[in-house]
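# Examining the three-dimensional arrangement
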Amino acid sequence: MTNGGLKTKIILLVSLPTVLLTLLLAGLFLTAYFKTLNQQLTVYSKDISLEISQEISRFLVNNETNKIVQISNSKLNKPDVRAVAVFNTDNQLISHVGPDMAPIPLLTSKNASPSSHEQIFETEESIRISSPIFHPEYVDGGQTRPKIGYVEIEVSSLGNTLKKYQTVGLVAAALLLCWIAQGLIAYFLSTWAETVIAKLKHAITEITKGKLDTQLDLTKRGPLEPLQQAFNNMGSTLNQYQNELKETLEQATEDVRETLETIEIQNIELDMARKEALEASRIKSEFLASMSHEIRTPLNSIIGFTRLLLKSPLTPRQKDHLDTVRKSSHGLLTIINEILDFSKIEAGKLVLEQAPFNLRDTVDDVIDLLSPLAHEKNLEQVIIFYSDVPNDLIGDAQRIKQVLTNLINNAIKFSDQGTIVVRVILESENDTSVVVRCSVSDKGIGLSEEQKKDLFKAFSQVNTNHLRSYGGTGLGLVISKHLVEKMGGEIGFESEPSKGSTFWFTSRLKIDHAKITTDETRVFSNIKVALFDANKVTALSVSHLLENDNFLHTNYETIEALYRGVKQAYHDKLGYDYAIIGINQSYENNHQLIAVIEEIEADYNCKVVILSNINNESNYQKLLEQSSSLYLLKPVTYRKFINSITELCEENSSHVTLSPTAPGSDAINNNDGFTFPCQVLAVDDNASNLKLICSFLNDLGAEVTAVSSGEKAVSEAKKTNFDLILMDIRMPDMDGMEATKQIRSAEPNGKHVPIIAVTAHAMANEKINLLSNGMNDYITKPIDEIQLRHMINKWTSACDINRASFLPTPKPRRADIDFTKIETIAKSNATKIIDFDESVRLAGGKHDLAKDLYLELISELEENKSVILAAKNDLGDLLERVHKLHGGTRYCGVPRLRMAALQLETHIKQKNNPKIEHALSDLISAIDQLLAWHQENQESFFSMLASNDSDSIRH
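Keep in mind it's a predicted model, so treat the numbers as computed, not measured.

What follows concerns the overall build of the protein chain. Broken down by element type, the protein chain carries 28 helices and 22 strands. The buried share among the 955 residues of the protein chain stands at 42%. Considering only intrachain contacts with a sequence separation of at least 6, the fraction spanning at least 24 residues in the protein chain is 69%. When the accessible surface of the protein chain is summed, it comes to about 52,100 Å², and 54% of that surface belongs to carbon and sulfur atoms.

Sheet architecture is open: 5 strands sit in the order β14-β13-β15-β16-β17, paired in parallel fashion. The sheet is open, and its two edges are formed by β14 (552-555) and β17 (630-633), each paired on a single side. Strand after strand, the sheet turns through a mean of 20 degrees between neighbouring axes, direction not considered. As paired elements, strand β16 (residues 607-612) and β17 share 4 bridges and run parallel to each other. Along β17, the bridge assignment pairs isoleucine 610 with tyrosine 631.

A contiguous patch of negative charge on the surface is contributed by Asp848, Asp852, Glu856, Glu860 and Glu863. Along the chain, glutamate 856 falls in helix α25 (residues 847-870).

With that out of the way, let us pick up the environment of glutamate 856. The class of glutamate 856 is partly exposed, set by a relative accessible area of 47%. Between the C-alpha atoms of glutamate 856 and cysteine 892, which are 36 residues apart in sequence, the distance is 9.7 Å.

On to the pattern of salt bridges. Applying the stated rule across the entire model yields 20 salt bridges. With a closest N to O distance of 2.4 Å, lysine 75 and glutamate 51 form a salt bridge. With lysine 75 in helix α3 (residues 65-75) and glutamate 51 in helix α1 (residues 3-55), this residue pair connects regions lying 24 residues apart in the sequence. On the basis of relative accessibility, which here comes to 29%, the residue glutamate 51 falls in the partly exposed class. Across the salt bridge formed by glutamate 557 and lysine 536, the nearest N and O atoms sit 3.0 Å from each other.

Right, let's get into the sheet that holds strand β4 (residues 126-134). Reading across the sheet, the 5 strands line up as β2-β1-β5-β4-β3 and stay open at both edges, with antiparallel pairing between neighbours. Each edge of the open sheet carries a strand with a single partner, namely β2 (93-97) and β3 (119-122). The sheet shows a mean angle of 15 degrees between the axes of neighbouring strands, direction not considered. Examined bridge by bridge, β3 and β4 share 4 bridges and lie antiparallel to one another. From the neighbouring strand, isoleucine 120 faces β4, where its bridge partner is isoleucine 129. Strands in contact with α3 are β1 (81-88) and β2; relative to β2, the strand with the most contacts, it is inclined by about 30 degrees.

Looking now at the pairing of β1. Burial analysis of β1 places 7 of its 8 residues in the buried class, the great majority of the element. Judged from the 7 bridges that link them, β1 and strand β5 (residues 147-156) form a sheet pairing that is antiparallel. When the bridges of β5 are listed, alanine 85 appears paired with glutamate 152. The sheet contact formed by β1 and β2 spans 4 bridges and is antiparallel.

Turning to the side chain of aspartate 442, a few remarks are in order. Mapped onto the secondary structure, aspartate 442 falls in the loop between β10 (433-441) and α10 (449-452). One buried charge, aspartate 442, has no salt-bridge partner; the nearest side chain with opposite charge is lysine 443, at 8.1 Å. If we skip the residues at most four places from it in the chain, aspartate 442 touches Ala411, Ser415, Thr419, Ile420, Lys499, Gly500 and Ser501.

Turning our attention to the packing of aromatic side chains. For the structure shown, the criterion picks out 8 aromatic pairs. Seen from their ring centres, tyrosine 187 and phenylalanine 188 are 5.7 Å apart, and the 70 degrees between their planes marks the pair as edge-to-face. For tyrosine 187, a relative accessible area of 41% translates into the label partly exposed. Chaining the aromatic ring pairs together yields one cluster made of Phe29, Tyr33 and Phe34. We note lysine 164 situated over the ring of phenylalanine 34; from NZ or CZ to the ring centre the distance is 5.3 Å. The ring of tryptophan 504 has arginine 437 lying over it, and the distance from NZ or CZ to the ring centre is 4.3 Å.

Moving on to the packing of helix α9 (residues 397-413) against helix α12 (residues 476-486). Here α9 crosses α12 at 145 degrees, and the two axes come no closer than 10 Å. Note that α9 runs across α12; the crossing there is left-handed. Within the contact between the two elements, α9 uses Arg399, Gln402, Val403, Asn406, Leu407 and Asn410 and α12 uses Gly476, Leu477, Ile479, Ser480, Leu483 and Val484.

Together, Leu176, Leu177, Ile180, Leu184, Tyr187 and Phe188 line one region of the surface with nonpolar side chains, adding up to about 650 Å² of accessible area. As for its position among the elements, leucine 176 is in helix α5 (residues 158-208).

Below, the discussion takes up unusual backbone geometry. With an omega of 5 degrees, the peptide bond running from lysine 634 to proline 635 counts as cis. Structurally, the position occupied by proline 635 is in the loop between β17 and α17 (638-651). Its identity as a non-glycine residue notwithstanding, lysine 573 has a phi of 60 degrees, on the positive side. Judged by its relative accessible area of 29%, lysine 573 falls in the partly exposed class.

Turning to the nonpolar core, a few remarks are in order. Core analysis: the biggest nonpolar cluster contains 42 residues, and Leu359, Leu404, Ile408 and Phe505 have the highest contact counts within it. Listed by contribution, the elements that provide at least two residues to this core are α8 (359-376), β7 (380-385), α9, β9 (419-429), β10, α12, β11 (491-496) and β12 (500-511). Here this core gets 8 residues from one element, more than from any other, and that element is α9. Residues within four places of leucine 404 in sequence aside, it is in contact with Val363, Val366, Val422, Cys438, Val440 and Phe505. One finds Leu861, Ile868, Val882 and Leu931 within the second-largest nonpolar core, a separate group that totals 28 residues.

Reading guide: rules and limits
- Residues numbered from 1 in each chain as written.
- Predicted model: local features only at pLDDT ≥ 70, side-chain atom pairs only at ≥ 80, totals over all residues.
- Heavy atoms only, no water.
- Helix = DSSP H or I, 4+ residues; strand = E, 2+ residues; numbered from the N terminus.
- Buried < 20%, exposed > 50% of the residue type's maximum accessible area, 1.4 Å probe, protein only.
- Contact = heavy atoms within 4.5 Å.
- Areas by Shrake-Rupley, 256 points an atom, 1.4 Å probe, with all protein chains shown as cover.
- Pairing = 2+ DSSP bridges.
- Axes fitted to C-alpha atoms, helices over the stretch in contact; angles between N-to-C directions.
- Patch = residues over 30% accessible without salt bridge, like charges linked within 9 Å, V, L, I, M, F, W, Y side chains within 5 Å.
- Salt bridge = Lys/Arg side-chain N within 4 Å of Asp/Glu carboxyl O.
- Lys, Arg positive; Asp, Glu negative; His and termini not counted.
- Charge placed at Lys NZ, Arg CZ, Asp CG, Glu CD.
- Phe/Tyr/Trp six-rings, centres within 6.5 Å; stacked < 30°, edge-to-face > 60°.
- Lys NZ or Arg CZ within 6 Å of the ring centre and 35° of its normal.
- Left-handed = near helix turned anticlockwise from the far one by under 90°.
- Core = buried A, V, L, I, M, F, W, Y, C linked by side-chain atoms within 4.5 Å.

Written as structure tokens, this is what we have:
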């Protein structure tokens, strides 16, 4: 800032408040003074007006005009009085002296009357006052004084105005003098401040130049003396610090020079060490690559020749030994691959391939590859591949296989029972890429919170017992984590001890827009399938496969329900083309089940596809030779399932068609001439569901109106008298409940259209809720033609027709099928005291080992029974004892004891105290039954083991 600018600012800062304050005070003074002058003139005018009215009152009564004029003229001599006028009560002028006054509207009006009180009128040049004149005789009386007229005077305000101008001049002069004095003070103050600042600036400049001994000389005494002393002290202190800093810098410079020399020596040593490490890494990589080649070469021969030997005639013992060699060779090959991958990751040389691949085929390949391992442990694998996941992608299929293989292999390795479920889900999608999530769930040993911390560390497993029990290097999850991260994804897990785990990973993959799949999806639009699987998750998986290819399928909970459904559909001329029956080991050797399958095929023209997790096709060989049925080994992968169904369909091509009905072509009439001339309103916000319902209704001959929202349904229901309304429940804006209420409220008296809820929730409380909100009935999704036909027949009078003559004559049955017996056999297989086949199978086909395992279990049963009874009051100890017994039963064919131990262990873990006592009683009973059976049948059992014959064993 320049000196001139600083001086100007100081003057303004000092002067401006003074000017404003004096102006404010002057304005207040003048305002008060002017008000006082105006008040004085008004009081003066009132006094003269009162004086005149009192003096002329007696003359006005006597009508002495001359006296009135004489008194009025005398008042003109008073200062500033310009004119006087006297009026009677009739508003007539009696006298007027002085110049004319401007007329007042009140007095000049034709109907005006004397004022009863004093009035004041102000103009620019004068003040006019009108005062009443009272009768003089009543001045001192107590009566109300009558008015005899009024007087009006005009007083000039020019003298008053002159005084105002004089006062303003005096105030202005005073203000000017004040401002001049204040300006001089501000000028001298700014000059002084400017001088002080100039000296301070000069001193600071000198110090900046390094002259730290510069002294500031402002004043000997005064308010700036402390500033002067502080500044001079600062200069002295800075001078002292500068000298100390010079000494410190000299010492630091010497230290840095010595440090740089040391660092230079260390850099030379580090460079030499880096070169040695790179050379060692190169040698290690070459060594690993060489050893991999050297080990793989003989391993390939070992594995290959082992497979050839396994196909040749061998004794069971030789076959077992060769199978052990094969498994060990594969295990060694896996370890080699993991070590090589880990080495590549450490060296940063792992490169991902970007090539087109089919994701569903990739996942199916892994499932098929690991299915033998799952079958060995009686585990069932299930894959659920959601329909919105694209198949044709670009990425490294082999690495996805590697990660998925590791997760599924771990699930199999650490599980002794249950189902391994693989899910493939679409997480997100854009125009160029997708994020796919794959998860693997099991019911294995699970992980504790402490074990989870070390899960993704190299060369580690959750504990050393697992390393001894299950094998492996502990590199699988580490490699998988690196692979997933390189693919732009994440890997994680959820796990609870003894309850199983779910491992998942995501991967970002590009969409292969150039790939056009022409042969991937067949449309089985006219094929109707009945589905039952003992494993509910497998049933869900197969249901997904059927929906993906447009099969018309219905899920059944039991074999009996499937049988009755097939039978009913056949009688309704809506027969099923195929029945898919999924079984597990509990249904093996079930002759009643075979009879059901034979009758379904023979009597109801329905081919059967058997799904089993046990490779035991021989049980159904005779049936398969006599029919067109299929026996498929689980897991059910998409390509294996569709190819098998396609072959079966091609063999029976006269029965069904494998392509969708073309537009305009004649649809197959599954109703054999039955039509339902009904008007139906179909409501669903899902376009696919709505299209399917309309297709079913059109095939049944109904006239369909389709809408996609609750609002439109209400509108259509008001316009048309429908025979039936199919109402979806879950819809945005207005749901099915609200739409039903509005339709009911708008119905005329006597009209009640049946409204059927279409819902995916079939719980009992849901049905009660639907019926209480105006619905007549409900059907569950997915809807099939049989459900729909029965519902229309039930609720519409248009369908009340006699159909008996159209029903086909059923073929005579060979024998009644006892479905209770089927389920009993299935349950009994799981609750036998002893199972010879299972004993041998669990022992790997070795009868001697089966005998040893059985005897070992029997020898410890009495002791186990005692310790379990002793520990029944301590749940922690009891759980440990029961778990140990349960583990022993897993290797022997003792289904009843194993089931009892499993149930008790489960109840203890769930802390279900009411059921623990009952389960404990069942376990003790199972132990006693096995011991009693052993005493009675051990010789026969051992002789059967020796002869490989189980037919005579009594269960």
